[in-house]
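# Examining the three-dimensional arrangement
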Amino acid sequence: MRLSGPLPAPLQELADVRFGRRGLRLVLKRDDLIHPDLVGNKWRKLVPNLEAAAGRPVLTFGGAYSNHLRATATAGRLLGLPTIGVVRGQELADRPLNPSLAHCTANGMRLHFVDRSTYRQKSEPEVLGAIRRAAGAEDAYVVPEGGSNSLAVRGCRDLGEELRGNADVVAVACGTGGTLAGLAAGLAPEQRALGIPVLKGGFLDAEIRTLQDLAFGGPRGSWSLDHRFHFGGYARTTPELHAFADDFEARHDVPVERLYVAKMLYGLVALAEDGAFANGTTVAAVITGRPFP
């Protein structure tokens, strides 16, 4: 079985006074509409990796609220592939599953919990080998945390190519940086990509450069990061962010996912109101996911 969906994802122009009064156009790249069960950048990153797995079980990594784990579990169910999720936090093994991890198991994913120290070292070959043995997944195809590897980055290049001629600046929320690395590579030379990291730490610049090296042999495209809109870090939100997202939904009838998309949209509104974009700029916002029930 192969996954199929409506590509390219549609563009939707919004009339938003916060952009209009600055002489800006705002368009949404609705990647959340790609597939009813496997949405947004997860589609673009996972599909090439699942094809590379060639029927083998897929092992991957994430935290207790990982969008990536949920997407991998869903894709495994759709394709009939066994999936194993290595979850950060051994202490979670004896607790009731939260809705996110329950979704994973309902879609057939087998969960393997590891302590946080081991999780931090998961990319080291010896540690990864021990995790695979302990999880009974020595023959599995390994997808990194967040799904960002060279295959995923090349898959996200299509996103940039779909946006050629449609925007001057293309913004996307960033977790592991793979989507931005591919997006920037696919845009036309006169376009630029803007990443809004949802984690603290300022480590993504180097990660994105490394991903582009692995995928394309060197840097591609024009991109930058704005680290000011993480709202405390991954999976962290504030009442201000929720109020912003509620207001955006009411204005435009577009569902706003809180952990990634809301932070990116908030950042764009703040930048627009600060005069960061020149009059006449068309700004595209990539909607990489939708709210989890």
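Each remark here, short or long, concerns the structure printed above.
Along each chain, residue indices are assigned from 1 in the same order as the chain's sequence is written. The predicted origin of the model limits local features to residues at a pLDDT of at least 70 and limits the giving and counting of side-chain atom pairs to 80 or more, whereas totals for whole chains, interfaces and linings rest on all residues. Side-chain measures were taken over the full set of non-hydrogen atoms in the model, leaving aside hydrogen atoms and water.

## Thoughts on the overall build of the protein
The secondary structure content of the protein amounts to 11 helices and 10 strands. Computed over its C-alpha atoms, the radius of gyration of the protein comes to 19 Å, within 12% of the 19 Å expected for a compact globule of 293 residues. Expressed along its principal axes, the backbone C-alpha trace of the protein runs to roughly 60 × 40 × 35 Å. The classification of residues rests on relative accessible area computed with a 1.4 Å probe and restricted to protein chains. Under 20% of the type maximum is buried, over 50% is exposed, and intermediate values are partly exposed. Scored against the burial criterion, the 293 residues of the protein give a buried share of 56%. Two residues form a contact once any of their heavy atoms are found within 4.5 Å. In the protein, once contacts between residues fewer than 6 apart in sequence are set aside, the share between residues at least 24 apart is 72%. Only the protein chains shown count as cover for residues, and the accessible areas themselves come from Shrake-Rupley with a 1.4 Å probe. On the protein, roughly 12,400 Å² of surface is accessible, and the fraction owed to carbon and sulfur atoms is 50%. Considering the protein, the positive charge centre built from 34 side chains and the negative charge centre built from 31 side chains are found 2 Å apart. Numbered from the N terminus, helices here are DSSP runs of H or I no shorter than four residues, and strands are runs of E no shorter than two. Both definitions apply: the radius of gyration is a C-alpha atom measure, and the globule rule equals 2.2 Å times residues to the power 0.38. As used throughout, the charge tally considers Lys and Arg to be positive and Asp and Glu to be negative, leaving His and the chain termini uncounted. A charged residue contributes its charge at one atom only: NZ of Lys, CZ of Arg, CG of Asp or CD of Glu.

## Structural notes on the pairing of strand S10 (residues 282–286)
Of all five residues in S10, five are buried, a share of seventy percent or more. Of the two faces of S10, both are covered, the one formed by Thr282, Ala284 and Val286 as well as the one formed by Val283 and Ala285. In short, DSSP must find at least two bridges between two strands for them to pair. Pairing analysis gives five bridges linking strand S2 (residues 25–29) to S10, with the strands arranged parallel. Residue Leu28 lies in a different strand from S10, and its bridge partner there is Ala285. Sheet analysis places strand S7 (residues 169–174) next to S10, joined by three bridges and oriented parallel.

## Observations concerning the sheet that holds strand S8 (residues 192–197)
Taken in spatial order, the six strands make up an open sheet running S1-S2-S10-S7-S8-S9, and their pairing is mixed. In this open sheet, the two strands that pair with only one neighbour each are strand S1 (11–14) and strand S9 (223–225). On average, adjacent strands in this sheet sit at an angle of 25 degrees to one another, irrespective of strand direction. Simply put, an axis is a line fit to the C-alpha atoms, just over the touching stretch for a helix, and the angle between two N-to-C directions goes from 0 to 180 degrees. Across the sheet, helix H11 (residues 261–273) is in contact with S2, S7, S8 and S10; its angle to S10 comes to roughly 165 degrees.

## Remarks on the packing of helix H7 (residues 150–162) against helix H9 (residues 204–216)
Running from N to C, H7 and H9 cross one another at 85 degrees; their axes reach a closest spacing of 8 Å. With respect to H9, the axis of H7 lies roughly perpendicular. Counted together, Ser150, Val153, Arg154 and Arg157 of H7 and Leu211, Leu214, Ala215 and Phe216 of H9 form the full contact between these two elements. Looking at side-chain class alone, the contact of H7 with H9 contains five nonpolar, one polar and two charged residues. An angle below 35 degrees is treated as roughly parallel, one above 145 as roughly antiparallel, one from 65 to 115 as roughly perpendicular, and anything else as oblique. Put simply, Ala, Val, Leu, Ile, Met, Phe, Trp, Tyr, Cys and Pro go in the nonpolar bin, Asp, Glu, Lys and Arg in the charged bin, and everything else, Gly too, in the polar bin.

## Observations concerning the sheet that holds strand S3 (residues 58–62)
On the basis of which strands lie adjacent, the open sheet formed by four strands has the order S5-S4-S3-S6 and parallel pairing. Pairing within the sheet leaves two strands with one partner each, and these edge strands are strand S5 (109–114) and strand S6 (141–142). One ladder, built from five bridges, connects S3 with strand S4 (residues 83–88); its direction is parallel. The residue of S4 that forms the bridge with Val58 is Thr83.

## What about the pattern of salt bridges?
We count a salt bridge whenever a side-chain nitrogen from Lys or Arg sits within 4 Å of a carboxyl oxygen from Asp or Glu. Applying the stated criterion to the full structure yields 16 salt bridges. A salt bridge links Asp16 to Arg18; the nearest nitrogen and oxygen atoms lie 2.8 Å apart. The residues Asp16 and Arg18 share a single accessibility class, namely buried. The shortest N-O distance in the salt bridge between Glu145 and Lys122 comes to 3.2 Å. On the criterion of sequence distance, the pair formed by Glu145 in the loop between S6 and H7 and Lys122 in the loop between helix H5 (116–120) and helix H6 (125–134) is long-range, its members being 23 residues apart.

## With respect to the packing of aromatic side chains
Any pair of aromatic rings gets described here by the distance separating the centres and the angle formed by the planes. Two aromatic rings, drawn from Phe, Tyr or Trp (for Trp, its six-membered ring), form a pair once their centres lie within 6.5 Å of each other, and the interplanar angle then sorts them: stacked below 30 degrees, edge-to-face above 60, tilted otherwise. Here the structure, examined in full by the defined rule, presents six aromatic pairs. Arranged with centres 6.3 Å apart and planes meeting at 75 degrees, the rings of Phe61 and Tyr119 form a pair that is edge-to-face. One end of the pair, Phe61, is in strand S3; the other, Tyr119, is in helix H5, and 58 residues separate them in sequence. Exposure remark for Phe61: the relative accessible area of 4% places this residue in the buried category.

## Examining H7
What a helix is expected to span follows from its residue count: subtract one and scale by 1.5 Å. Helix length check: H7 (13 residues) gives 19 Å between terminal C-alpha atoms against 18 Å at 1.5 Å per residue, within 8%. Regarding H7, the residues found buried are Ala152, Val153, Gly155, Cys156, Leu159, Gly160 and Glu162. For H7, the buried positions fall inside an angular range of 165 degrees around the axis, keeping them on one side. Residues of H7 that are buried in the fold lie against S2, helix H2 (40–53), helix H8 (178–186), H9 and S10. This arc is taken over the directions from the axis of the helix to the C-beta atoms.

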